[in-house]
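Chain by chain, the residues run as shown.
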Amino acid sequence: MKLSRKEIEKNFKKDFVGNAAYELFAHHSFDRVSMDEIARKAEFGKGTLYKLFSGKEEILVYIICRGIDQLCSDLQEQCMGCRDSFQALEHLIELEYDFYTDYSNLVLALLFRQSDGDLNNAFLNQIREKHQHRNQLVAKIIDKARDSGLLFRVENREFIRALESMMKGLMINHIESQSMSNDREFDLTLIKALLWEGLIEPCRLPDKG
């Protein structure tokens, strides 16, 4: 369906606001960033900002949904398009790690609001829909690895849950330690070691016949 010029302009403005807000949220906690600051950063009037978004929560959800869309696009290209299944799993881990690192402040703000019941159900459903699509894509990557002969000790759901838990745990650890420069290579080596030793057999099934 072709978008009208007004819809294209509106989407462009929302992306522009999303970029400005992302920069603010990346360096400050969600609660400390105001709509006034977002408007100034985006160089929009506050009235224009409220025509695009109902408030900070909607901007938060918009940025995270956009991030998940980009993550899914990268997973599709780098994992589903990779012939080597073991390498595809390594790409999966690296992409997931980079997502949680880049969006740590926003994901944490979302988790707090979700646990407190402060997030609008419509916004929450948007996140859940995107998250479900991402989980389905990750499951396809795992199935592809299984078909190639890689041995998994758990079902897809448990693997995805374990991967998410590790990513969120490292994210919280980085925030608590106030580390602005994470050791990406060390973290990835640790995650891969835990997965290879705990959930995946680092070998292939012998060829039949």
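Just above, that's the structure.
Conventions and cut-offs
Residues numbered from 1 in each chain as written. Predicted model: local features only at pLDDT ≥ 70, side-chain atom pairs only at ≥ 80, totals over all residues. Heavy atoms only, no water. Helix = DSSP H or I, 4+ residues; strand = E, 2+ residues; numbered from the N terminus. Buried < 20%, exposed > 50% of the residue type's maximum accessible area, 1.4 Å probe, protein only. Contact = heavy atoms within 4.5 Å. Areas by Shrake-Rupley, 256 points an atom, 1.4 Å probe, with all protein chains shown as cover. Salt bridge = Lys/Arg side-chain N within 4 Å of Asp/Glu carboxyl O. Patch = residues over 30% accessible without salt bridge, like charges linked within 9 Å, V, L, I, M, F, W, Y side chains within 5 Å. Core = buried A, V, L, I, M, F, W, Y, C linked by side-chain atoms within 4.5 Å. 1 Å grid on protein atoms, 1.4 Å probe; cavity = no way out; pocket = protein on both sides within 12 Å on 5 of 7 lines; lining within 4 Å. Points joined across faces, edges and corners; volume = space filled by probe spheres on them. Phe/Tyr/Trp six-rings, centres within 6.5 Å; stacked < 30°, edge-to-face > 60°. Lys NZ or Arg CZ within 6 Å of the ring centre and 35° of its normal. Axes fitted to C-alpha atoms, helices over the stretch in contact; angles between N-to-C directions. Left-handed = near helix turned anticlockwise from the far one by under 90°. Nonpolar A, V, L, I, M, F, W, Y, C, P; charged D, E, K, R; others polar. Disulfide = S-S within 2.5 Å.

### A short note on the overall build of the chain
And step 1. For the chain, the helix and strand inventory stands at nine helices and two strands.
And step 2. Helices (α) and strands (β) of the chain occur, in sequence order from the N terminus, as α-α-α-α-α-α-α-β-α-α-β.
And step 3. Dimensions of the chain along its principal axes, counting C-alpha atoms only, are 70 × 45 × 30 Å.
And step 4. Going through the 209 residues of the chain one by one, you find that 40% of them count as buried.
And step 5. Within the chain, contacts between residues separated by at least 24 positions form 73% of all contacts whose residues are at least 6 apart in sequence.
And step 6. With the model as given, the accessible surface of the chain reaches about 12,500 Å², and the carbon-plus-sulfur share is 49%.

### Here we look at the pattern of salt bridges
And step 1. Going through the model one piece at a time under the given rule, you end up with twelve salt bridges.
And step 2. Between R134 and E96 there is a salt bridge, with its nearest N and O atoms 2.9 Å apart. Of the two residues, R134 sits in helix α7 (residues 121-148) while E96 sits in helix α5 (residues 85-102), which places them 38 residues apart along the sequence.
And step 3. Residue E185 is joined to R184 by a salt bridge in which the shortest nitrogen-to-oxygen separation is 3.4 Å.
And step 4. In the salt-bridge network here, residues are joined through shared partners; they are D31, E57 and R113.

### Some points on a nonpolar patch on the surface
And step 1. Together, F186, L190 and L194 give the surface a local cluster of nonpolar side chains, amounting to about 290 Å² of exposed area.
And step 2. Inspection of the secondary structure puts F186 in helix α9 (residues 184-198).
And step 3. By relative accessible area, F186 is classed as exposed at 52%.

### Comments concerning the nonpolar core
And step 1. Membership of the largest hydrophobic core comes to 65 residues, with the highest contact counts inside it found for F25, I38, I59, L75, L89, F159 and L195.
And step 2. The dominant element in this core, judged by the number of residues it contributes, is helix α4 (residues 56-80), at eleven residues.
And step 3. The contacts of F159, once residues within four sequence positions are left out, are L92, I142, F152, V154, L195, L199 and I200.

### Structural notes on the layout of surface pockets
And step 1. In this structure, the second largest pocket spans a volume of roughly 340 Å³.
And step 2. Considering the residues around the second largest pocket, the lining is formed by 17 residues, among which L110, I127, H131, E164 and K168 are closest to the centre.
And step 3. Elements with a minimum of two residues in the lining of the second largest pocket: α4, α5, α6 (104-116), α7 and α8 (156-176).
And step 4. For the lining of the second largest pocket, the element with the most residues is α7, which contributes five residues.

### Some words on the packing of aromatic side chains
To describe a pair of aromatic rings, one takes the distance between the centres and the angle between the planes.
And step 1. Within this structure, the stated rule accounts for nine aromatic pairs.
And step 2. Look at F53 and Y62: their rings are 5.4 Å apart centre to centre, the planes differ by 70°, and that puts the pair in the edge-to-face class.
And step 3. Geometrically, the ring pair formed by F152 and F159 is edge-to-face, given 5.5 Å between the ring centres and 80° between the ring planes.
And step 4. F152 sits in the buried class, given a relative accessible area of 12%.
And step 5. Ring pairs connect the aromatic residues Y22, F99, Y100 and Y103, which therefore count as one cluster.
And step 6. Its end group placed over the ring of F30, K56 keeps NZ or CZ at 4.4 Å from the ring centre.

### Observations regarding the packing of α7 against α8
And step 1. At their nearest, the axes of α7 and α8 sit 10 Å apart, and the two run at 115° to each other. Between α7 and α8 lies a crossing whose hand is right-handed. Contact with α7, carried on its side by H131, R134, N135, V138, A139, I142, D143 and R146, involves N156, F159, I160, L163 and E164 of α8 and no other residues of that element.
And step 2. For the contact of α7 with α8, the residue count by class is six nonpolar, three polar and four charged.

### Describing the state of the cysteines
What makes a disulfide is a covalent bond joining the sulfur atoms belonging to two cysteines.
And step 1. Using the criterion set out here, one finds zero disulfides in the structure.
And step 2. Left unpaired, C82 is separated from the closest cysteine sulfur, that of C79, by 7.5 Å.
And step 3. A relative accessible area of 11% places C82 in the buried class.

What is shown is where atoms sit, not what they do.
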